[in-house]
Amino acid sequence: MSSTPQDPSRRAAFAVLGVAGAGLALTLPGCARSQKEPRRVDPPDVSATEDLMREHGVLRRLLVVYRETAGVIRTRPKTLELAVLGQAADLFRTFGEAYHEKSLEEAHVFPMVKKAGGRASSLIDTLIAQHDRGRQINDFLSARAKTGTLGDAEPVAAALESFARMYEIHAALEDTVVFEAWKALLGKKALDEWSARFEDIERATFKGDGFDLALEQVAAIEQSLGLSDLAQFTAPPPPAA
Ligand SMILES: [Fe+2]
Ligand SMILES: [Fe+2]
């Protein structure tokens, strides 16, 4: 967590995540240890559940980018920054899909929660189906951006909006039901161990702090699209009674 966001080697590591991410499950340092090598567990700065939730924060910022871009496509398509939309889709694919979904949720969190039964368990199949649908949509967006022309605009706008609608409730239910269930299953000591293991996974994946890298990239995307000023999102006052 101490490396600097400006380090060019970290940028390069992040840029290749799409390739590296495919082999994540094979290279997790925490999973490869034998029982004869007790791992030292330092008190983590960020718990595993907080880690997952702040990753959702980055992904939610990309949902805002998607919704705003859908509005641009429909109302002033000539101002659309298609390449920047492609960057947003690629960030979702690397940080959201390859890392957060595949390497953390699907590899570690979901199997335990599913096995335990109950309300959280009943959500898992749908959450995985939504990961898969999200991959289809982000692949579509990324491919469309790479052509350099928007093409038929309405399907792109509809895909952006439907993705944002799906992922908003998806992340909210993970935050409030699934991660809570996982935390309760683990207890304090095991949660600390998983927090350290998630840190290992993050470092193995990104060769540094993946969260900082993603944060830097989403901020750059917002800047490019004129979405950096929080005040622009303040709702107007309601009509007078
Ligand atoms: Fe998920
Ligand atoms: Fe998630």
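Residues numbered from 1 in each chain as written. Chains lettered and ligands numbered in written order. Predicted model: local features only at pLDDT ≥ 70, side-chain atom pairs only at ≥ 80, totals over all residues.

Here we come to the overall build of the chain. Across its full length, the chain holds 8 helices and 0 strands. When its helices and strands are written in sequence order, the chain yields α-α-α-α-α-α-α-α. The buried share of the chain, taken over its 241 residues, is 32%. Pairs at least 24 residues apart make up 86% of the contacts formed inside the chain by residues separated by at least 6 positions. (Helix = DSSP H or I, 4+ residues; strand = E, 2+ residues; numbered from the N terminus. Buried ≥ 20, exposed ≤ 12 C-beta atoms within 10 Å, placed from the backbone. Contact = placed C-beta atoms within 7 Å.)

Time to look at the packing of helix 4 (residues 48-75) against helix 5 (residues 82-116). In contact at an axis separation of 10 Å, helix 4 and helix 5 are set at 150° when each is read in the N-to-C sense. Comparing their axes, helix 5 and helix 4 come out roughly antiparallel. Crossing geometry of helix 4 relative to helix 5 is assigned as left-handed. Taking contact as the criterion, the partners of Leu52, Glu55, Val58, Leu59, Leu62, Val65 and Thr69 in helix 4 are, on helix 5, Leu85, Ala88, Leu91, Phe92, Phe95, Gly96, His100 and Leu104. (Axes fitted to C-alpha atoms, helices over the stretch in contact; angles between N-to-C directions. Parallel < 35°, antiparallel > 145°, perpendicular 65-115°, else oblique. Left-handed = near helix turned anticlockwise from the far one by under 90°.)

Attention now moves to the nonpolar core. Core analysis: the biggest nonpolar cluster contains 46 residues, and Leu62 and Val178 have the highest contact counts within it. Those elements giving two or more residues to this core turn out to be helix 4, helix 5, helix 6 (119-147), helix 7 (153-206) and helix 8 (210-225). Discounting chain neighbours no more than four positions away, the residues touching valine 178 are Val109, Val113, Ala120, Leu123 and Leu173. (Core = buried A, V, L, I, M, F, W, Y, C linked by C-beta atoms within 7 Å.)

This paragraph deals with the environment of alanine 120. One can find alanine 120 in helix 6. Each C-alpha atom, one on alanine 120 and one on glutamate 174, is 8.5 Å from the other, the two residues being 54 residues apart in sequence. Sequence-distant contacts of alanine 120, that is, excluding residues within four places in its chain, are made with Val113, Val177, Val178 and Ala181.

Turning to the environment of glycine 134, a few remarks are in order. Relative to the helices and strands, glycine 134 resides in helix 6. Among residues more than four places away in sequence, those in contact with glycine 134 are Glu97, Phe163 and Tyr167.

Let's shift gears to helix 5. Between its first and last C-alpha, helix 5 extends only 44 Å over 35 residues, short of the 51 Å set by a 1.5 Å rise per residue. Along helix 5, the largest kink reaches about 55° and is centred on glutamate 105. At the exit of helix 5 stands glycine 117, carrying a positive phi of roughly 80°. (Expected span 1.5 Å × (residues − 1). Bend = angle between axes of the 7 residues up to and from the residue.)

In a pair of packed helices, the angle between the axes and the distance between the axes together describe the arrangement. Here helix 6 crosses helix 7 at 150°, and the two axes come no closer than 9 Å. Classed by the angle they form, the pair helix 6 and helix 7 counts as roughly antiparallel. Helix 7 is crossed by helix 6, and the crossing has left-handed handedness. Facing helix 6, whose interface residues are Arg119, Ala120, Leu123, Leu127, Gln130, Arg133, Gly134, Ile137, Phe140, Leu141 and Arg144, helix 7 presents Val156, Ala159, Phe163, Met166, Tyr167, His170, Leu173, Glu174, Val177, Val178 and Ala181. Along the lines of polarity and charge, the residues of the contact of helix 6 with helix 7 split into 15 nonpolar, 3 polar and 4 charged. (Nonpolar A, V, L, I, M, F, W, Y, C, P; charged D, E, K, R; others polar.)

Turning to the confidence of the model for the chain, a few remarks are in order. On average, the chain scores 86 in pLDDT, and the residues at 70 or more come to 82%. In the predicted structure, residues 1-40 sits below a pLDDT of 50 and forms 45 contacts with residues beyond four places in sequence or in another chain. (pLDDT = per-residue confidence, 0-100.)

A negative phi holds for most residues other than glycine; trans holds for most peptide bonds. With a phi close to 55°, lysine 207 is a non-glycine residue in the positive phi region. Within the element layout of this structure, lysine 207 appears in the loop between helix 7 and helix 8.

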